[in-house]
Amino acid sequence: MKIAIVAVFVASTVYVHFRGRVRLRFFRQLMDHSTFMAPINCFMYLFSRLPAKPYLPVSGFPELQLLQDHWQDIRAEAFKLAEAGEIKKSDKYNDAGFNSFFKTGWTRFHLKWYGDAHPSARQLCPVTTELLQRIPTVKAAMFAALPPGGRLVTHRDPFAGSVRYHLGLVTPNDDRCYISVDGEKYSWRDGQGVIFDETYLHYAENQSEQMRIILFCDVERPLNNPLARAFNRFISHTLIRSAAAPNSDSDATGGINKAFAYVQQVRLFGKRIKVKSRLAYYGIQWVVFGGLLVWWLWP
């Protein structure tokens, strides 16, 4: 049984690695979160009603037209938040999913995360949160800003139970401000939406002189049978929901982010080792994870 579980992990990881045209280097893929989530994500791909393509037609998600129709109202709230300095990076280690993005200028204001709207969002963005609550398939949402010169490194998101919707709010309307998904570029425009599969490798860059602010949503992936949909919602409301991050003290912090404050100290220690010796850094990883694998497989 243990060998079979390992075989499923290996086969799933190989599929995830070779899915699409852009790939991570071997060692980065080995330690990437997409490797640990590979069996779950392959289950989602197996029962997905969507084509295996980086970008998907917005027309396939008619419920999102409500956001498109009210994009100027949403923009007004986003702009007011930005002016007040509320679209910002976390000042604590309590946003594990997006912590690495803060280093390159990316900032956010969480509106909802796999549940009800954040209390801070209901207070500061009543129009946007009310609209979002009318669309059950939108599981998470935030305002996300990328300043001039900002860049997000190549990555893939960990969970294939959703697809990503971006609605341009305050954008440069310039091809120098774009996202590249599996090697295909898209440039944001005010009032226009795009949907892509965030489990393909992607990065974003703003080479213009203007700030970019978008509405960023996780939309439930359409699956082709009720059991798969139930499993998706179970993972969403247990594992993924525990990654909730606050905007302020009035908002709840999920279990993953409560633990992240401690895990980050270990990560920072590892990075100090990596600066001194990459060989030692990867050697320790191999010893730790190899030892755990041998211990688990030992009869």
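Here, every reference points to the structure presented above.
Keep in mind the model is a prediction, meaning the values are calculated, not measured. (Residues numbered from 1 in each chain as written. Predicted model: local features only at pLDDT ≥ 70, side-chain atom pairs only at ≥ 80, totals over all residues. Heavy atoms only, no water.)

**Here we look at the nonpolar core**
Counting residues in hydrophobic clusters, the biggest one holds 36 residues, and the most contacted among them are Tyr55, Phe98, Trp106, Trp113, Phe159, Ile179 and Trp188. Of all elements in the fold, only helix H4 (38-46), strand E3 (138-146), strand E6 (177-181), strand E8 (193-196), strand E10 (212-220) and helix H9 (226-240) reach the threshold of two or more residues within this core. Non-local contacts of Trp113, meaning those with residues more than four positions away in its chain, are made with Phe98, His118, Lys139, Ala140, Met142, Ile240, Arg241, Ala243 and Ala244. Counting 31 residues, the second-largest nonpolar core is a separate cluster that includes Ala121, Cys125, Ile135 and Leu215. (Core = buried A, V, L, I, M, F, W, Y, C linked by side-chain atoms within 4.5 Å. Buried < 20%, exposed > 50% of the residue type's maximum accessible area, 1.4 Å probe, protein only. Helix = DSSP H or I, 4+ residues; strand = E, 2+ residues; numbered from the N terminus. Contact = heavy atoms within 4.5 Å.)

**Description of H9**
The first and last C-alpha atoms of H9 sit 20 Å apart over 15 residues, in line with the 21 Å expected at 1.5 Å per residue. Listed as buried for H9 are Ala228, Asn232, Ile235, Ser236 and Ile240. In a view along the axis of H9, the buried residues occupy a sector of 100°, so they form one face of it. Residues of H9 that are exposed and point more than 90 degrees away from the buried face comprise Pro226, Leu227 and Phe234. Tucked into the core, H9 has its buried residues touching H4, strand E2 (107-113) and E10. With a side-chain oxygen lying 3.1 Å from the backbone nitrogen of Leu227, the N-terminal cap of H9 falls on Asn225. (Expected span 1.5 Å × (residues − 1). Arc of directions from axis to C-beta. Polar contact = N/O pair within 3.5 Å; in protein donor to acceptor, adjacent residues only side chain to side chain.)

**Concerning the packing of aromatic side chains**
This model, assessed by the stated rule, comprises 13 aromatic pairs. Geometrically, the ring pair formed by Phe102 and Trp106 is stacked, given 6.1 Å between the ring centres and 25° between the ring planes. By relative accessible area, Phe102 is classed as buried at 9%. Through successive ring pairs, a cluster of aromatic residues spans Phe98, Phe101, Phe102, Trp106, Trp113, Tyr114 and Phe216. Sitting over the face of the ring of Tyr45, Arg19 holds its NZ or CZ atom 3.8 Å from the ring centroid. One Lys or Arg, Arg212, reaches over the ring of Trp188 and ends 4.5 Å from the middle of that ring. (Phe/Tyr/Trp six-rings, centres within 6.5 Å; stacked < 30°, edge-to-face > 60°. Lys NZ or Arg CZ within 6 Å of the ring centre and 35° of its normal.)

**Description of the pattern of salt bridges**
Counting across every chain of the model gives 17 salt bridges. A salt bridge links Glu220 to Lys139; the shortest N-O distance between them is 3.5 Å. Pair noted here: Glu220 is in strand E10 and Lys139 is in strand E3, with a separation of 81 residues, a long-range link. Each member of the pair, Glu220 as well as Lys139, carries the same accessibility label: buried. Arg189 is paired through a salt bridge with Asp175; the nearest N and O atoms lie 2.8 Å apart. (Salt bridge = Lys/Arg side-chain N within 4 Å of Asp/Glu carboxyl O.)

**Topic: the sheet that holds E8**
The sheet built from six strands is open, its strands ordered E1-E8-E5-E10-E3-E2 with antiparallel pairing. The outermost strands of the open sheet, each flanked by one partner alone, are strand E1 (55-56) and E2. As paired elements, strand E5 (residues 162-170) and E8 share four bridges and run antiparallel to each other. In the sheet register, Leu167 faces E8, and the bridge partner there is Gly193. (Pairing = 2+ DSSP bridges.)

**As for a nonpolar patch on the surface**
A cluster of nonpolar residues, Met1, Ile5 and Phe9, forms a patch on the protein surface that exposes about 320 Å² of accessible area. Residue placement: Phe9 occurs in helix H1 (residues 2-18). By relative accessible area, Phe9 is classed as partly exposed at 34%. (Patch = residues over 30% accessible without salt bridge, like charges linked within 9 Å, V, L, I, M, F, W, Y side chains within 5 Å. Areas by Shrake-Rupley, 256 points an atom, 1.4 Å probe, with all protein chains shown as cover.)

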